[in-house]
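This is what each chain is made of:
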Amino acid sequence: MAKTARKAAKRPAAKPVAKRTARVSARSKPAPRPKSPGNGPSAVDKQRFTLHGFALSGPTYTVALMLALCKHPFSYIHVNLREGAHKQPDYLVKNRFGQVPCLRDGQIFLCQSAAILEHLSTALGKFDAKTPLERQRVREWLFWTWDKLAGPIFRLRGRARGLRQFGDETRVMYDSEARAALNVLEHELAKSDWLVGRKPTIADIDVYAVLRYAGEAGLDITAWPRLAGWKKRFEALPGFGTPEQILPLESRLI
Ligand SMILES: N[C@@H](CCC(=O)N[C@@H](CS)C(=O)NCC(=O)O)C(=O)O
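This report concerns the structure included in the present document.

### Here we look at the overall build of the protein
Turning to step 1, where the next piece is worked out: Counting secondary structure elements, the protein contains eleven helices and four strands.
Turning to step 2, where the next piece is worked out: Counting the 254 residues in the protein, one finds 39% classified as buried.
Turning to step 3, where the next piece is worked out: For the protein, the share of sequence-separated contacts (at least 6 apart) that also reach a separation of at least 24 residues comes to 73%.

What follows is the structure, given as structure tokens:
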């Protein structure tokens, strides 16, 4: 990690957030944060988030995409997976699982991209569910994404990039698992434009950030017309960016 990056990672947050976080986990909505005169994030807010990640990592993209769609600036620390930086003690204290991503929110570190999405949607009041039933539906999609969709797509992508080795029989198995998951999405999207409710939620963000890599996994989304339409709608959302647009290759501090 670059020296400046390390300094910033240790830099105390402008405002302690422990209490606020406790409230978030109690599931009540936090009071809206003060806005700057320009209606963008205030000076304090700009320093609120630091994303630790790796530019080629899908789950890192999930979190960066959420912040981009929320139009919330964030610092970024490149975690060099190739050199094993994610297994070093200074990183393991931030993410006990030794994986990217990890998000610093004030003075706490959060991990597991889907759990981070839930945290951010509650904390920022964006892309959140509007009713208890919707919250349940959103959570079901988050669990399903990592249960059925992400595994096969990321494994096929890993093989295509030469990062994973497995034979054709296994490739065919993952391919049919991925296709079965895409069929589920195609069926659900016949009912409405978005996965839960009438507006995009973190369920759409979580699914999109995996589907983004379907092409690299050898799957052509245009074979699922409703899904392709949903993807187009999603990409038209204000703040949207591709992984290349929103994930820096190096650490970037603001
Ligand atoms: N379920 C986790 C998955 C994280 C994950 O698999 N990250 C990969 C990079 S894409 C990683 O850190 N791999 C290294 C390892 O697991 O040791 C999440 O959503 O955050």
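### Comments concerning the sheet that holds strand β1 (residues 49–53)
Turning to step 1, where the next piece is worked out: Across the sheet, which stays open at both edges, the four strands sit in the order β2-β1-β3-β4 with mixed pairing between neighbours. Strand pairing shows two members of the sheet lacking a second neighbour, β2 (75–78) and β4 (108–111), which therefore form its edges. Each adjacent strand pair in this sheet contributes to an overall mean axis angle of 20 degrees, direction not counted.
Turning to step 2, where the next piece is worked out: Relative to strand β3 (residues 102–105), β1 runs antiparallel, the two being bridged by four bridges. Bridge assignment links phenylalanine 49 to a residue of β3, and that residue is aspartate 105.

### Regarding the nonpolar core
Turning to step 1, where the next piece is worked out: Counting residues in each nonpolar core, the largest one holds 63 residues, and the members touching the most others are Ala64, Leu65, Met66, Ile153, Ile205 and Val207.
Turning to step 2, where the next piece is worked out: Looking at this core, you find at least three residues from each of domain 1 (3–17 + 40–126 + 241–246) and domain 2 (132–235).
Turning to step 3, where the next piece is worked out: Other than its neighbours up to four places away in sequence, isoleucine 205 contacts Thr62, Leu65, Met66, Leu69, Leu117 and Phe127.

### Section: the site of the ligand
Turning to step 1, where the next piece is worked out: In the neighbourhood of the ligand, 13 residues make up the surrounding shell, with Ser57, Pro59, Gln99, Val100 and Ser113 lying closest.
Turning to step 2, where the next piece is worked out: Those elements giving two or more residues to the shell around the ligand turn out to be α4 (58–69) and α6 (113–124).
Turning to step 3, where the next piece is worked out: Its residues placed into classes, the shell around the ligand shows six nonpolar, seven polar and no charged.

### A few points about unusual backbone geometry
Turning to step 1, where the next piece is worked out: The residue after valine 100, namely proline 101, is reached through a cis peptide bond having omega 5 degrees.
Turning to step 2, where the next piece is worked out: Checked against the element boundaries, proline 101 lands in the loop between α5 (89–92) and β3.
Turning to step 3, where the next piece is worked out: In this structure, glutamine 112 is a non-glycine residue whose phi angle is positive, near 70 degrees.
Turning to step 4, where the next piece is worked out: When the 19 C-beta atoms within 10 Å are taken as the criterion, glutamine 112 is described as partly exposed.
Turning to step 5, where the next piece is worked out: Positive phi outside glycine occurs at phenylalanine 127, with the angle close to 55 degrees.
Turning to step 6, where the next piece is worked out: Along the chain, phenylalanine 127 falls in the loop between α6 and α7 (132–160).

### With respect to the packing of α4 against helix α9 (residues 202–211)
Turning to step 1, where the next piece is worked out: Remark: α4 packs on α9, axes separated minimally by 9 Å, with the N-to-C direction vectors making an angle of 135 degrees. With respect to α9, the element α4 is oriented oblique. Where α4 crosses over α9, the handedness of that crossing is right-handed. Contacts between α4 and α9 involve Gly58, Tyr61, Thr62, Leu65, Met66 and Leu69 from the former and Ile202, Ile205, Asp206, Ala209 and Val210 from the latter.
Turning to step 2, where the next piece is worked out: Looking at side-chain class alone, the contact of α4 with α9 contains eight nonpolar, two polar and one charged residues.

### Observations concerning the pairing of β1
Here is the key point about a regular strand: its side chains alternate between the two faces of the sheet.
Turning to step 1, where the next piece is worked out: Counting buried residues in β1 gives five out of five residues, a clear majority hidden from the surface.
Turning to step 2, where the next piece is worked out: Neither face of β1 is left uncovered, since the one carrying Phe49, Leu51 and Gly53 and the one carrying Thr50 and His52 both have all their residues buried.
Turning to step 3, where the next piece is worked out: Once the chain exits β1 it traverses α4 before rejoining the sheet at β2, and the crossover so formed is right-handed.

### A few points about the environment of cysteine 111
Turning to step 1, where the next piece is worked out: Relative to the assigned elements, cysteine 111 resides in strand β4.
Turning to step 2, where the next piece is worked out: Separated by eleven residues in sequence, cysteine 111 and valine 100 have C-alpha atoms that sit 7.7 Å apart.
Turning to step 3, where the next piece is worked out: Excluding its chain neighbours within four sequence positions, the residues that come into contact with cysteine 111 are Asn95, Phe97, Gln99 and Cys102.

### Some remarks on the packing of α7 against helix α8 (residues 168–188)
Turning to step 1, where the next piece is worked out: Relative to each other, α7 and α8 sit at 140 degrees, their axes nearing to 8 Å. When the axis of α7 is compared with that of α8, the two are oblique. For the pair α7 and α8, the crossing hand works out as left-handed. Contacts between α7 and α8 involve Lys148, Leu149, Pro152, Ile153, Arg155, Leu156 and Arg159 from the former and Arg171, Tyr174, Asp175, Glu177, Ala178 and Ala181 from the latter.

### Notes on the environment of arginine 155
Turning to step 1, where the next piece is worked out: Inspection of the secondary structure assignment puts arginine 155 in helix α7.
Turning to step 2, where the next piece is worked out: Arginine 155 sits in the buried class, given 21 other C-beta atoms within 10 Å.
Turning to step 3, where the next piece is worked out: For the pair arginine 155 and aspartate 175, spaced 20 residues apart in sequence, the C-alpha separation works out to 9.6 Å.
Turning to step 4, where the next piece is worked out: Not counting residues within four places of it along the chain, the set of residues in contact with arginine 155 comprises Arg164 and Tyr174.

What counts, and where the lines are drawn
Residues numbered from 1 in each chain as written. Predicted model: local features only at pLDDT ≥ 70, side-chain atom pairs only at ≥ 80, totals over all residues. Helix = DSSP H or I, 4+ residues; strand = E, 2+ residues; numbered from the N terminus. Buried ≥ 20, exposed ≤ 12 C-beta atoms within 10 Å, placed from the backbone. Contact = placed C-beta atoms within 7 Å. Pairing = 2+ DSSP bridges. Axes fitted to C-alpha atoms, helices over the stretch in contact; angles between N-to-C directions. Core = buried A, V, L, I, M, F, W, Y, C linked by C-beta atoms within 7 Å. Domains from an automatic or database assignment. Near = placed C-beta within 6 Å. Nonpolar A, V, L, I, M, F, W, Y, C, P; charged D, E, K, R; others polar. Parallel < 35°, antiparallel > 145°, perpendicular 65-115°, else oblique. Left-handed = near helix turned anticlockwise from the far one by under 90°. Right-handed = clockwise from strand over helix to strand, strands pointing away.

Scope: geometric values only; no functional claims are made or implied.
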